[in-house]
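Here are the chains, one letter per residue:
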Amino acid sequence: MQKCPGATLFALVIATGFATWVFSLIISHAVRLIIDEEGEASWILRFIFTILGYATVFLPCYVLIHLSRRHNLHTLGGCQWRLLRLILTGTTLETADETDSKISGTTRASNLESKTLYQKAISLTYCCVGLQISYLLWGILQEKIMTREYTDGDKIEQFTDSQFLVFVNRILAFMFSGIYLLLTHQNVHRTPLYKYSFCSVSNTLSSWCQYEALKFVSFPTQVLAKSAKVIPVMLMGKLVSRAQYKNYEYATAVLISVGMTAFLLGSGGDKKGNNVTTVSGALLLCGYLIFDSFTANWQSALFKEHKPSSIQMMCGVNLMSCLFTSASLVQQGGFFYSLSFASRHPVFIMDCLLTAISSALGQLFIFATISKFGPVVFTIIMTVRQGLSILLSCLLYKHHLSGMGILGVFVVFLAIFLRIYYAQQHKKRKLDAADVSASKV
Ligand SMILES: Nc1ncnc2c1ncn2[C@@H]1O[C@H](COP(=O)(O)OS(=O)(=O)O)[C@@H](OP(=O)(O)O)[C@H]1O
């Protein structure tokens, strides 16, 4: 390693990647020979294959990072180490190291504390409206692609590869954000690239779980399960970033979840379509909740620690997601299946493209919201978003809304009002306490 670290490192990384690739192929072929791939539990196999596909990117990267750190390769000069520096320090500059990356961005942080209540309200409204519009469209298209039957005249078929949809969404979001970064001036990026991989894996897996879940539960059932997701997000916040929440925050999270559940049950939405919830469906929804709550918390921790801009975060996370999903797609033949499906059904290309555009637009608002307001507020907005879209459809199409539904809406808005009220009270008490201690000095 001392004489020619680059060549040895390169050889080791390639060898690890190749070994993992071969191992994954052998395992998937062996499993396919033994187990029936068509049964209800077939999603477990697809999940294992997906993880194996991700491992072919993850393991070589781990070897690369581990060895480079051990031999301090990223601190060496020269442009041949640029990619390594980017992965380990977040910048191609030679002077940066990992500790530097943690402190450098403080000045560019969106300092919400210093903003007035009015500015905060405007910013929050902007994020809410942006998320509403992009994800309203996204939700409609997502349900359409996974449940619709496409026909080319004589054959009717349904699209089944969730991984491909995730890939298309991510590559478009990566291109959007990449072009934006190239065209605009941004502060120096200081987030080690590899750190994006954790939230990228959890994000792609949460999407995978929710697309797969739609094969076992109806769309309204999925929405119902998501209505309580603010609680796992708070619990995960304690695990990931040791976040401390006040009692009123827990209480209002429970109120929002209860209110949303009552509203969804009372809006009659769950009576539409296939309402069978299988064990597979329930497991996939649990997987979705766990991965999803990790994603936003991890991103929030990165925003706090390294202060990337939201576009930089979007670009980094989507780059990683493209790498993971494409490895998995190549391994499982997903590209071949999806492209031949698309060639038979041109309407599918249009549906995919529109979903990807709405998803990329939505991501702009997601990252802005998490960086400015944190994962819990983001999750509340997304939860309320689902309720509002159902409420809108009740009003537009004159669907019946029962007493329980109306009570649910009331409880959700009461919870949000209480949350804002207590947050203000809490802040006021803190300011008063600071004033008192300042006057004592
Ligand atoms: N934190 C974070 N970072 C990046 N992307 C995220 C994040 N949270 C949600 N998403 C993407 O938003 C899409 C909708 O997600 P959800 O269905 O979980 O949201 S909702 O609460 O049900 O509205 C879904 O998009 P697609 O994966 O493109 O389908 C999610 O991946």
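The name given to the protein in an unreviewed UniProt entry is Adenosine 3'-phospho 5'-phosphosulfate transporter 1, and the organism recorded there is Daphnia longispina. The UniProt entry for the protein carries the following text under Subcellular location (unreviewed entry): "Membrane". Per UniProt, the comment on the protein under Sequence similarities (unreviewed entry) is "Belongs to the nucleotide-sugar transporter family. SLC35B subfamily."

Chemist: I'd like a rundown of the nonpolar core, residues and numbers included.
Modeler: Side chains of nonpolar character tend, in soluble globular proteins, to be buried together. Of all hydrophobic cores here, the largest spans 74 residues; its most connected members are Leu-131, Ile-145, Leu-165 and Phe-348. Each of domain 1 (1-95) and domain 2 (122-440) accounts for three or more of the residues forming this core. Those residues in contact with Ile-145 that lie beyond four places of it in its chain are Tyr-150, Phe-159, Leu-165, Phe-348, Asp-351, Cys-352 and Thr-355. Core analysis: the second largest hydrophobic core is formed by nine residues, Cys-209, Ala-213, Val-217 and Tyr-288 among them.

Chemist: Let's hear about the site of the ligand: which residues, and what values?
Modeler: The ligand sits among 22 residues. The nearest are Ser-207, Lys-226, Lys-229, Tyr-288 and Arg-385. Separating an oxygen atom of the ligand from a side-chain N or O atom of Trp-138 is a distance of 3.2 Å. Measuring from an oxygen atom of the ligand, one finds a side-chain N or O atom of Ser-359 at 3.0 Å. Burial of the ligand by the protein amounts to 99% of the accessible area it has alone, namely 610 Å². The cavity that encloses the ligand is the largest cavity. It is helix 14 (residues 346-396) that provides the largest number of residues to the shell around the ligand, a total of eight residues. Broken down by class, the residue content of the shell around the ligand amounts to nine nonpolar, eight polar and five charged.

Quick notes on the rules
- Residues numbered from 1 in each chain as written.
- Predicted model: local features only at pLDDT ≥ 70, side-chain atom pairs only at ≥ 80, totals over all residues.
- Heavy atoms only, no water.
- UniProt positions renumbered as here; feature names shortened; annotations may be inferred.
- Core = buried A, V, L, I, M, F, W, Y, C linked by side-chain atoms within 4.5 Å.
- Buried < 20%, exposed > 50% of the residue type's maximum accessible area, 1.4 Å probe, protein only.
- Domains from an automatic or database assignment.
- Contact = heavy atoms within 4.5 Å.
- Near = heavy atom within 4 Å.
- Polar contact = N/O pair within 3.5 Å; in protein donor to acceptor, adjacent residues only side chain to side chain.
- Areas by Shrake-Rupley, 256 points an atom, 1.4 Å probe, with all protein chains shown as cover.
- 1 Å grid on protein atoms, 1.4 Å probe; cavity = no way out; pocket = protein on both sides within 12 Å on 5 of 7 lines; lining within 4 Å.
- Sits in = over half its atoms within 2 Å of the grid points.
- Helix = DSSP H or I, 4+ residues; strand = E, 2+ residues; numbered from the N terminus.
- Nonpolar A, V, L, I, M, F, W, Y, C, P; charged D, E, K, R; others polar.

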